[in-house]
Amino acid sequence: MTVSADGLPETAAPGVPAPSPGLVVVGHFDQPPGYRINRPRGADSWLFTWTTGGHGRLRHGRTEARAGAGDLVVLAPGVGHDYGVEPGARHWEFWWAHCQARPTWRSWLRPYDAGAGMYVVTPTPDAVHGRVEAAFRRMLADARWTGTEAPPAMAPGEEPVAVAHGTAARELALCALEEAVLLTAGISRTQPPRPGVDDRVRRAQALIDADPAAAHTVRSLAAHVALSPSRFAHLFTGQIGQSPMRALREARLRHAARLLETTGLSVERVAAASGFASPYHFNRAFRERYGTPPGTYRTGGPMVGA
C-alpha cells in the first residue's frame, strides 16, 4: 500500500502527509508487509525513527538504509524520501517523531551522515535499548500533557500517536527525544575496546573517558584497578600506546571540543569543565591537537575524533 503524501487533499488519512514544521508529533507503529510512505518532496520537519522489531527500508534522496532493532535513522528536511517495511520482512515495529531538531543534535548526528541528510546511527549497545524506548514512551506521554494534570493514559485500541500542542508539552517531548538521540549517537561514537587489552587497562580507560575533568593521577587510576603505580603505567602504556596522562589529556581535549560544538559556554568555562586549570594551557594544548584555537574551532573547525 504505497501512499504518496504530496498532492493529497486535506482530508487525506491522518499520519500520511508530513506534519507542519512547527509541530512535535510522536508515534509507535508495528506495520505489516506492504506498508510504505512516499514523500517525493520530503518534509519540512526532521523525522526520527527508532526500530524495535522487524526491519524497515528508508530512502532519502539517493541514499538508502536498512533499519533493524536498535537502529536510529534520522531524515533531515527538504529531501524526497520514502520508507516502509523491508521487502521480505514480516513486519516493522518502530517509534517515530516529526519535529525541528535542536541545534546541538546536529553536531551529535554529523558523524553518522550517510549522505543527502540521512543519519544512520548503528550499532547501538544492547544495554541502552530499554532506556531509549523508555525515552520515546515518555515523549509520547509528555506530548499529551495539558500542563495541569498527569498525561492521559492510552485507551485500549487507541492509536499510539500524539501531537504536542502546548509549549510545555512540546519542550518536555523534545527533552525526551534529546535523551534518545544522545544515548544513541553519543554512545555509538565511543570506540570499541581494542582486542587483547587487559581488563584493568580497559577499566582505567573507561574511567578516564567517563569523567575526563576529574583530578585523575597515575596513582589514583592504579588504585582503581588494584595495581601499583609503576606496574599500571607500564601496562597501560604498553597496551594503549600512550601514557595514562597522555590519554587523559586527549580525553580532556575531546571533551572540550564537544562542549565547544554543543554549548555556548565561554572558552574559559570550557577549559575549567574539561579539567584544565589554566585557560592559557588549554588554548595551547587545543591548538596543538586540532590545529586551531578553541574560538575558531567553535565557528567551523573539525569534528571531535579528527
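Residues numbered from 1 in each chain as written. Predicted model: local features only at pLDDT ≥ 70, side-chain atom pairs only at ≥ 80, totals over all residues. Heavy atoms only, no water.

Comments concerning the sheet that holds strand 11 (residues 118–121)
Hydrogen bonds between backbone atoms are what pair the strands of a sheet, whose relative direction is either parallel or antiparallel.
Phase 1 of the analysis: One open sheet accounts for 7 strands, arranged 10-11-7-4-9-2-12; its pairing is antiparallel. For this open sheet the edge positions go to strand 10 (113–115) and strand 12 (161–164), each flanked by a neighbour on one side alone. Strand-to-strand, the axes of this sheet are offset by a mean angle of 20°, without reference to chain direction.
Phase 2 of the analysis: Sheet analysis places strand 10 next to strand 11, joined by 2 bridges and oriented antiparallel. When the bridges of strand 11 are listed, Gly115 appears paired with Met118. (Pairing = 2+ DSSP bridges. Helix = DSSP H or I, 4+ residues; strand = E, 2+ residues; numbered from the N terminus. Axes fitted to C-alpha atoms, helices over the stretch in contact; angles between N-to-C directions.)

Here we look at the nonpolar core
Phase 1 of the analysis: Counting 36 residues, the largest nonpolar core has Phe48, Leu109, Met139 and Leu177 as its most contacted members.
Phase 2 of the analysis: It is helix 3 (residues 167–188) that contributes the most residues to this core, 9 residues altogether.
Phase 3 of the analysis: Residues within four places of Leu177 in sequence aside, it is in contact with Phe48, Ala97, Cys99, Trp105, Phe136 and Met139.
Phase 4 of the analysis: Within the second largest apolar cluster, 18 residues are counted, among which are Leu47, Leu58, Ala65 and Val120. (Core = buried A, V, L, I, M, F, W, Y, C linked by side-chain atoms within 4.5 Å. Buried < 20%, exposed > 50% of the residue type's maximum accessible area, 1.4 Å probe, protein only. Contact = heavy atoms within 4.5 Å.)

Here's the deal with the pairing of strand 4 (residues 46–54)
Phase 1 of the analysis: Counting buried residues along strand 4, 7 of its 9 residues qualify, which places the element largely inside the surrounding structure.
Phase 2 of the analysis: Of the pairings in the sheet, the one linking strand 4 to strand 7 (residues 72–75) comprises 4 bridges and is antiparallel in character. When the sheet's bridge partners are listed, Trp50 is paired in strand 7 with Leu72.

A closer look at unusual backbone geometry
Phase 1 of the analysis: The linkage connecting Thr122 with the following residue, Pro123, adopts the cis geometry, with an omega of -5°.
Phase 2 of the analysis: Take Pro123: it is sitting in the loop between strand 11 and helix 2 (126–143).
Phase 3 of the analysis: In this structure, Ala226 takes a positive phi of about 60° despite not being glycine.
Phase 4 of the analysis: As for its position among the elements, Ala226 is in the loop between helix 5 (218–224) and helix 6 (229–240).
Phase 5 of the analysis: When its relative accessible area of 67% is taken as the criterion, Ala226 is described as exposed.

As for the pattern of salt bridges
Phase 1 of the analysis: Considering all chains together, one arrives at 17 salt bridges under this definition.
Phase 2 of the analysis: Residue Glu178 is joined to Arg102 by a salt bridge in which the shortest nitrogen-to-oxygen separation is 3.3 Å. Placement of the pair is Glu178 in helix 3 and Arg102 in the loop between strand 9 (92–99) and helix 1 (103–109), with a sequence separation of 76 residues.
Phase 3 of the analysis: On the accessibility criterion, Glu178 (22% relative accessible area) is partly exposed.
Phase 4 of the analysis: It is possible to trace a salt-bridge network through shared partners that takes in Arg36, Arg57, Arg59, Glu64, Arg66, Asp82 and Glu86. (Salt bridge = Lys/Arg side-chain N within 4 Å of Asp/Glu carboxyl O.)

What about the packing of aromatic side chains?
Phase 1 of the analysis: Scanning the entire structure with this criterion turns up 16 aromatic pairs.
Phase 2 of the analysis: Ring geometry for Phe286 versus Tyr290: centroids 4.7 Å apart, planes at 40°, classification tilted. Note that Phe286 and Tyr290 are positioned in helix 9 (residues 279–290) at a spacing of 4 residues, about one turn of the helix.
Phase 3 of the analysis: One aromatic cluster is present, formed by Phe29, Tyr35, Tyr83, Trp92, Phe94 and Trp96 through successive ring pairs.
Phase 4 of the analysis: Note that Arg289 overlies the ring of Tyr290, its terminal NZ or CZ placed 4.8 Å from the centroid. (Phe/Tyr/Trp six-rings, centres within 6.5 Å; stacked < 30°, edge-to-face > 60°. Lys NZ or Arg CZ within 6 Å of the ring centre and 35° of its normal.)

With respect to helix 9
Phase 1 of the analysis: If you check helix 9, its first and last C-alpha atoms are 16 Å apart, about what 12 residues at 1.5 Å a residue would give, namely 16 Å.
Phase 2 of the analysis: In the core, the buried residues of helix 9 are packed alongside helix 7 (244–262), helix 8 (267–273) and helix 10 (294–298).
Phase 3 of the analysis: For helix 9, the capping residue at the N-terminal end is Ser278, with a side-chain oxygen 3.2 Å from the backbone nitrogen of Tyr280.
Phase 4 of the analysis: Looking one or two places after helix 9, you find Gly291, whose phi comes out positive at around 75°. (Expected span 1.5 Å × (residues − 1). Polar contact = N/O pair within 3.5 Å; in protein donor to acceptor, adjacent residues only side chain to side chain.)

Description of the environment of Asp126
Phase 1 of the analysis: Structurally, the position occupied by Asp126 is in helix 2.
Phase 2 of the analysis: Under the relative-accessibility criterion, Asp126 is labelled exposed at 67%.
Phase 3 of the analysis: Along the sequence, Asp126 and Ala69 sit 57 residues apart, while their C-alpha atoms lie 9.6 Å from each other.

Topic: the side chain of Asp142
Phase 1 of the analysis: Within the secondary structure layout, Asp142 lies in helix 2.
Phase 2 of the analysis: We note that Asp142 is buried and unpaired, the nearest opposite charge coming from Arg138 at a distance of 4.3 Å. (Lys, Arg positive; Asp, Glu negative; His and termini not counted.)

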